[in-house]
Amino acid sequence: MIAMTRRIVIGTAAISMAVSLAACGKAGDDAESDGGGDSKTIGLLLPENKTTRYETFDRPIMEAKIKELCDDCEVKYNNAAQDTETQKKQFDALVTQGVKVIILDSVDYKATKSWVQQAEKKGVKVVAYDRLAEGPISAYVSYDNEKIGRLQGEGLVKALGAKAKESNVVMINGSPTDPNAPLFKKGAHSVLDTQVKKVVYEQDIPDWSSDEANKKMGAAIDSLGKSGFQGVYSANDGMAGGIITALAKQGVKVPVGGQDAELAGLQRILKGDQSFTIYKQIKPEAETTAEVAVRLLKGEKIDDLTPVKVDSLTGEFKGIPAKLYDAQVVTKENIASTIIADEVYKSTDICTAEYKAACEAAGIK
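The rules we used
- Sequence order sets the numbering: in each chain, residues are counted from 1 along the sequence as written.
- Reporting of local features is limited, given that this is a predicted model, to residues whose pLDDT is at least 70; pairs of side-chain atoms are given and counted only at 80 or more, and all residues count toward the totals for whole chains, interfaces and linings.
- Here the side-chain values reflect all heavy atoms present in the structure, with hydrogen atoms and water set aside.
- Note: two strands are recorded as paired if DSSP finds a minimum of 2 bridges between them.
- We count a stretch as a helix when DSSP gives it H or I for four or more residues in a row; a strand needs E for two or more, and each element gets its number in order from the N terminus.
- Each axis is a line fitted through C-alpha atoms, and for a helix only the stretch in contact is used; angles between axes span 0 to 180 degrees, taken between their N-to-C directions.
- Two residues qualify as a contact provided that any one of their heavy atoms is within 4.5 Å of a heavy atom in the partner residue.
- In this scheme Phe, Tyr and Trp rings, the latter by its six-membered ring, pair at centre separations within 6.5 Å, and the angle between planes marks the pair as stacked below 30 degrees, edge-to-face above 60, and tilted otherwise.
- A positively charged side chain is recorded as over a ring if its NZ (Lys) or CZ (Arg) lies within 6 Å of the ring centre. The angle to the ring normal must also be within 35 degrees.
- Take the residue count of a helix, subtract one, and multiply by 1.5 Å to get its expected span.
- A simple rule labels every residue: compare its accessible area, found with a 1.4 Å probe on the protein chains alone, to the largest value its type can have, and call it buried under 20%, exposed over 50%, or partly exposed in between.
- Take the buried Ala, Val, Leu, Ile, Met, Phe, Trp, Tyr and Cys residues and link them wherever side-chain atoms come within 4.5 Å; each set so joined is a nonpolar core.

A. Main features of the sheet that holds strand β7 (residues 168–173). Read across the open sheet, the three strands follow the order β8-β7-β9; overall the sheet is parallel. Either end of the sheet is taken by a strand with one partner, and the two such strands are β8 (198–204) and β9 (231–234). Going across the sheet, the axis of each strand differs from the next one's by a mean of 15°, ignoring polarity. Where β7 lies against β9, four bridges are found, and the strand directions are parallel. Along β9, the bridge assignment pairs V169 with G231. Helix α4 (residues 145–160) rests against β7 and β9 of the sheet, and its axis sits at about 160° to β9.

B. How the structure looks around the packing of aromatic side chains. Summed over all chains, the structure comprises three aromatic pairs. With 5.6 Å between their ring centres and 80° between their planes, F57 and Y345 make a pair best called edge-to-face. Here F57, found in helix α1 (residues 53–69), pairs with Y345, found in the loop between α10 (336–340) and α11 (347–350); they are 288 residues apart in sequence, far enough to count as distant. For the ring pair F184 and W208, a centre distance of 6.4 Å and an interplane angle of 70° mean the geometry is edge-to-face. Of this pair, F184 sits in helix α5 (residues 180–195) while W208 sits in the loop between β8 and α6 (210–224); the two residues are 24 residues apart in sequence, bridging distant segments of the chain. Positioned above the aromatic ring of Y54 is the side chain of R53, whose terminal nitrogen or guanidinium carbon lies 5.1 Å from the ring centre. Over the face of the ring belonging to Y325 we find K323, whose NZ or CZ atom lies 4.8 Å from the ring centre.

C. Up close: α4. Across its 16 residues, α4 extends 23 Å between first and last C-alpha, which sits within 8% of the 22 Å expected from 1.5 Å per residue. Taken together, the buried positions of α4 are occupied by N145, E146, I148, G149, L151, Q152, G153, G155, L156, V157 and L160. Considering only its buried residues, α4 is in contact with β6 (139–143), β7, α5, β9, β10 (277–280) and β13 (327–330). Two residues or fewer past α4, G161 is found with a positive phi of approximately 70°.

D. Highlighting unusual backbone geometry. Its identity is not glycine, yet A81 carries a phi of approximately 50°, on the positive side. Mapped onto the fold, A81 is located in the loop between β3 (74–79) and α2 (84–96). Owing to a relative accessible area of 47%, A81 belongs among the partly exposed residues under this scheme. Even without a glycine there, the phi angle at D130 is positive, about 70°. You can see D130 is positioned in the loop between β5 (125–129) and β6. For D130, a relative accessible area of 4% translates into the label buried.

E. Quick look at the nonpolar core. In terms of nonpolar packing, the biggest core is built from 83 residues, with I172, L192, M217, F229, V232, L247 and I335 touching the most fellow members. The dominant element in this core, judged by the number of residues it contributes, is helix α9 (residues 282–298), at eight residues. Those residues in contact with F229 that lie beyond four places of it in its chain are N168, V170, V200, M217, I221, L224, L247, V252 and V254. Ranked by size, the runner-up nonpolar core spans 25 residues in total, among them L94, V99, L104 and W115.

Distances and angles like these do not, on their own, reveal function.
So this is what it looks like as structure tokens:
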């Protein structure tokens, strides 16, 4: 569990592309492969591209903010496509090239300990983004992930309504290599274990795979029977899509929750196939991360950006400066006042021909 001590500060960090662009610093500070380091480049390493948010939101938001804060800064970006060894090579390459600040969203948080330790010896600052990596991290920007799990549990209980106390629930959790997944699970259990009858089937899903979630949901139906459960907790929207497909194939209709406010998830909510999602405001998280990274590159303090301190999940690394954002449950009733109002998606993005009637019924124009 992440331990926190209050301090007055706010979190931030930076990111970007796989081309050797130059980042903040004095003109003439050229990057060196092995020399004094690159004072103009920020490395940005994202974990996977199955979840639509990374390429659609996180990366472009961070790159734009870095450029705004430091117009001669460049970003070297890579996506690991859910492969730990690939990400290690990407990380090591940035260190070898002399990049002094790396924004890291890890594939496998436990694997990063030795990488970050070696980078620290070479004066490299690592900003953990979204997922808290192991090692001597300089800053961490994410969400209160245990609270998100509680929101997911509460959302499912609300969707079950008056029958919640008599309801059995299936839990399809996230990837065991993602440090956020056990926090989501812990938060959800803290609600479901006391407010529903029983969690009757539970599986962790490697790589957040929608296909694997579909298979596990099918196995749950085979094991429990079509009437053996009354609701499904899904750790994110991508897996919820696979789960709902498996349920529909068997003619089962029960409340299913999710997370991430993906476009497909929002459309399923409007159609009535998915009950809710969790909306995490990616823009402030990404922009704070970008600002943290730029400041670290310039040798400036980040105290005002990182108001709490956290410990790594193993407890070995303590007092990491952090900023943790809140999230909220989104249902059919508040898509317009949250997702559309915040311009995450336009109504025209959501309300395609197939969903036009559902949008009109929900008051979305």
